[in-house]
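Residue-level structural notes
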Amino acid sequence: MKRSFRRPRPVAELRKEKERKERTPEQEGQEQGPVLVPDLAANIAYLEARIGSSNDVVFREFVIPLSTPVRAVLVFVDGLVNGNAINEYILLALTTFEGTDAAWARDRRNLAENIKDHVLTINEVSIQTQWTPVITAILSGESALLLEGEDRALICNTRGWERRGIEEPTTESAVRGPRVGFNEVLRSNTAQVRRWIRDPDLRVKGIKLGVRTQTDVALVYLESIANPDLVTEVEARLRKIDIDSVVESAYLQEYIEDRPYSLFPTVQVTERVDRVVAALLEGKVAVLVDNTPFALIMPITFWQLYYSAEDYYHRWPLSILIRMIRFLAFFFSLYLPAIFIALAVHNPELIPFNLAIKIAGTREGTPFPVFLETLFMEIAIEILREASVRLPAPFGQTIGIVGGFILGDTAVRAGLISPIMTIIVALTAISSFTAPSFGVAITMRILRFPLMLIGQIGGLYGLSLATILLLINMAGIRSFGVPFLSPVVPLNLSDLKDFLFVAPRWTMIKRPLLNEPLDVRREGSKANHWWEALFNPPSRRRKGGGQEE
Amino acid sequence: MSGNERFLSSRQITLLILGFAIGGGILTLPSLAAEVLGASGWLLVLALGLLYMGSAWIAARLAAKFPEETIIEYSPRLLGKGFGLLFNLVFIVHLFLVIPVNIRILQELVNISLLPGAPVWFVSGSYLLVLAYGATRPVDQIAQVNELLIEIALLIGLFVALTAFQHFEPLHLRPLLSRDQINLDKIEQLIGMTFSFGSIPVVNMVVPYIRQPWQVTKATLKASLVITMVYSFFTATTIGVFGYKETIELSWVALELAKSVNAQAVILERLDLVLIVSWISALFTTGLIACYLVGAALGRLFRVRKEAAFIWGLAPVAYYLSTKLKNYFVWSQASFYVAVLSLVITFLGYPLLYLLSLVKGKHRV
């Protein structure tokens, strides 16, 4: 018989719940923060006390020429607003409108609504009664219009600040494909996604995160495709975040990942718009964060970290080749130095005789054991890599040449390292650059060092055990419920068509089942199975020679 | 067990049974088969496999009758408290003894090829640590690791067997069932062979985690069939390559088979080492599943949720026992005892429990 344990709830938690139940709705409202009062001077004084001491906060006072003129003040932050929008659609509209004697103009009880409905010509206006959203709106680039005798503020969307243009993503370049990356403006980024997917089911849910920064975060998904459980889970994890500031999407990534202590990222980071769009169409969810071009995509599997957006832009035979080379490079970047050490130290008999003689010849006279030699070289490469990233681009290239070529060549000539070691380390470094995801490339770099040590101590046996240990660890990782090693384990035959091999596009009739999409079938294909589609390519259908799907 | 915890597919069950069976036993199976039935040894393996398939069917039917429980929970109700406890203890001891034998086989393999002269504490100790760590993971994680490792090992094993076909002599498999070659009095070898087949307990221990319990019989039979085919094919290949007399003489006949292959492994000089490296994963799956089953069985027996405590607690005992199996003869003797226990459970325990479940089925079991 299985026992069921019920964890006792802490007393403090119970007390809080009791207090919450006993509270009246009025009390609940009061807890949301202070509210505006129907006294313009008092409202201005309050705002000045909270944010007015900053030079960039502008209080523009004016009079609205109604039958009984009304004093008003427009509050905004200089630099965050579009000056033209304020001048033309708020100030000009409010001071020069016709119909000052109209019936609505005499109705003072609904002044805010009437001004919103009849005067303001700006595209987005809302009414707020509490200070917290008003202040947040002002600090987000919106303008607050306060009126004499009104305990409500009109919030006008006047956002407009200096922004970087849409540029080619620097971290994920591609030979073929759109040269469009995200920038630091959230609205621009969501607009880009919408420009790509003109589907009414595209949802952009806004959340504010960061107590101090009040950063805008957008949860983007296709309602008719993404699994509602996934969307709910992502949203719940985001809403649970209690953080002081969100400076970059990495801040959120650490909070929402399934295994925050794992070396492997379980959320994909990208600045490519097309990548986000493709993910949404597969039933995934994207999180865009204001002030950063890096979007988060979830769920993700280990293998998908090695997929590039470009894989889908070439013809399928080329894509297969590219992807296989990339997986081979992954193997090299992780294991090559460790296997070399294991073979050289413990099992030289495994190396073909002629090659073994050559290697022994080149290592003749080198002062360090093979493990230390590899370790020194790997550390040198890591230092060079870090230096070249931190320096300005022209210097970075110089450092690369000086370090990689001159230093390596000199070290070989001086007999400090063997030429074979230079080849091994260079091949490893180049292989690690093939990883499309920066996060997984770093993971491989971190894992390479303990594997080298294991290769030295335990040889191929040690490496086998280490690999098994790594697999055990990876098998335990889930990304929003999706097993990290799928579709390989647990095996999912349908999803294998986009794994080592990239199947022809017309055979990909189903979206990846791992994400458990609501709408499994991609539009435009009538075949029931991929093999049906495989033997009925578009060319046959075009000629009318093939079977009707 | 709530329905939410059912996460193993029937394919994973098949592979778990395969992963538990295919490991160290296959390395010596052809020698034992050749000793008993000479050139027709592969026929003996086939017959044994079919026999075990029958028992697997019974075990799977039994498991399907109790989809919410493991054998540890329902055996006392069927056999009575005393006999039930005795059966459970035999069941757990049988599973536990697989671990030291498994560790020792690995130690031997590593010492004769990859790391000659490496100390026992290093090879066995590190292996046992990884085994114990893996066995403390949730069952779906274990199933995933097993799924990957056993497939890789089987593919490489199949590659070696197929490559060795270049030396295959059909004449080595003849004459079929010659009286001169049949030694049915070699009971020890005959029983020792069953060590490779004893993977049925898996199904009775993991059935509460299977997503579709009604598919358990199909999955078990599929696994038994694959095991039988793999063993028969491998034994036939080995006897076909070496002849039955030479097969009997070879201790690690599978490694000799790999050595017989002339093709260089692209950039590596020796193919047998590649087989050993890959076969570590096959051995690991056996040890991993055995460790997990022992922990799970003890957890169910003592109604304790922290199964990891049993696994870590028994790890030093397994290590100690593995060090006692000093050479090939000692560990083959140990595997003989494991096989005896396996035979008792398989051909006595399961049929009896199944019959009792049918008899008592009218009443509430």
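Conventions we followed
- Residues numbered from 1 in each chain as written.
- Chains lettered and ligands numbered in written order.
- Predicted model: local features only at pLDDT ≥ 70, side-chain atom pairs only at ≥ 80, totals over all residues.
- Heavy atoms only, no water.
- Helix = DSSP H or I, 4+ residues; strand = E, 2+ residues; numbered from the N terminus.
- Rg over C-alpha atoms; globule rule 2.2 N^0.38 Å.
- Buried < 20%, exposed > 50% of the residue type's maximum accessible area, 1.4 Å probe, protein only.
- Lys, Arg positive; Asp, Glu negative; His and termini not counted.
- Charge placed at Lys NZ, Arg CZ, Asp CG, Glu CD.
- Core = buried A, V, L, I, M, F, W, Y, C linked by side-chain atoms within 4.5 Å.
- Domains from an automatic or database assignment.
- Contact = heavy atoms within 4.5 Å.
- Patch = residues over 30% accessible without salt bridge, like charges linked within 9 Å, V, L, I, M, F, W, Y side chains within 5 Å.
- Areas by Shrake-Rupley, 256 points an atom, 1.4 Å probe, with all protein chains shown as cover.
- Salt bridge = Lys/Arg side-chain N within 4 Å of Asp/Glu carboxyl O.
- Polar contact = N/O pair within 3.5 Å; in protein donor to acceptor, adjacent residues only side chain to side chain.
- Axes fitted to C-alpha atoms, helices over the stretch in contact; angles between N-to-C directions.
- Parallel < 35°, antiparallel > 145°, perpendicular 65-115°, else oblique.
- Left-handed = near helix turned anticlockwise from the far one by under 90°.
- Nonpolar A, V, L, I, M, F, W, Y, C, P; charged D, E, K, R; others polar.

1. Describing the overall build of chain B
Check the secondary structure of chain B and you find 15 helices and zero strands. Over its C-alpha trace chain B gives a radius of gyration of 20 Å, about what one expects of a compact globule, namely 21 Å for 365 residues. In terms of principal-axis extent, the alpha carbons of chain B reach across some 60 × 45 × 35 Å. The proportion of buried residues among the 365 residues of chain B is 58%. The average position of the 26 basic charges and that of the 19 acidic charges among the side chains of chain B differ by 12 Å.

2. Notes on the nonpolar core
Counting 174 residues, the largest nonpolar core has Phe302(A), Tyr461(A), Ile71(B) and Ile99(B) as its most contacted members. Both domains that furnish three or more residues to this core are identified here as domain 2 (186-302) and domain 3 (316-476) of chain A. Here Phe302(A) is in contact with Phe264(A), Phe330(A), Val440(A), Met444(A), Met474(A), Phe484(A) and Leu485(A), once residues within four sequence places are set aside.

3. Topic: a nonpolar patch on the surface
There is a patch of nonpolar side chains on the surface, built from Leu263(A), Phe438(A), Ile442(A) and Ile446(A) and spanning about 370 Å² of accessible area. The topology assignment puts Leu263(A) in the loop between α10 (249-256) and β8 (268-270).

4. A closer look at the side chain of Ser143(A)
Residue and element names in this part refer to chain A. The topology assignment puts Ser-143 in strand β4 (residues 143-147). Classification of Ser-143 by relative accessible area gives buried; the value is 0%. A polar contact of 2.7 Å, which involves the side chain of Ser-143, links it to the side chain of Thr-158. Excluding anything up to four places from it in sequence, Ser-143 contacts Leu-74, Val-75, Phe-76, Val-81, Ile-86, Ile-90, Leu-154, Ile-155, Cys-156 and Thr-158.

5. Describing the domain arrangement of chain A
Under the domain assignment, chain A is made up of domain 1 (40-156), domain 2 (186-302), domain 3 (316-476) and domain 4 (493-543). Distance between the C-alpha centres of domain 1 of chain A and domain 3 of chain A: 63 Å.

6. Digging into the packing of helix α5 (residues 81-114) of chain B against helix α15 (residues 328-359) of chain B
Residue and element names in this part refer to chain B. The N-to-C vectors of α5 and α15 enclose an angle of 150°; their axes lie 9 Å apart at closest approach. The pairing of α5 with α15 is recorded here as roughly antiparallel in orientation. Remark: the crossing between α5 and α15 carries left-handed chirality. Where α5 abuts α15, its residues Phe-87, Val-90, Phe-91, Val-93, His-94, Leu-97, Val-98, Val-101, Arg-104, Ile-105 and Glu-108 lie against Tyr-328, Trp-331, Ala-334, Ser-335, Val-338, Leu-341, Ser-342, Ile-345, Gly-349, Tyr-350 and Leu-353. Grouping the amino acids of the contact of α5 with α15 by side-chain chemistry returns 16 nonpolar, four polar and two charged.

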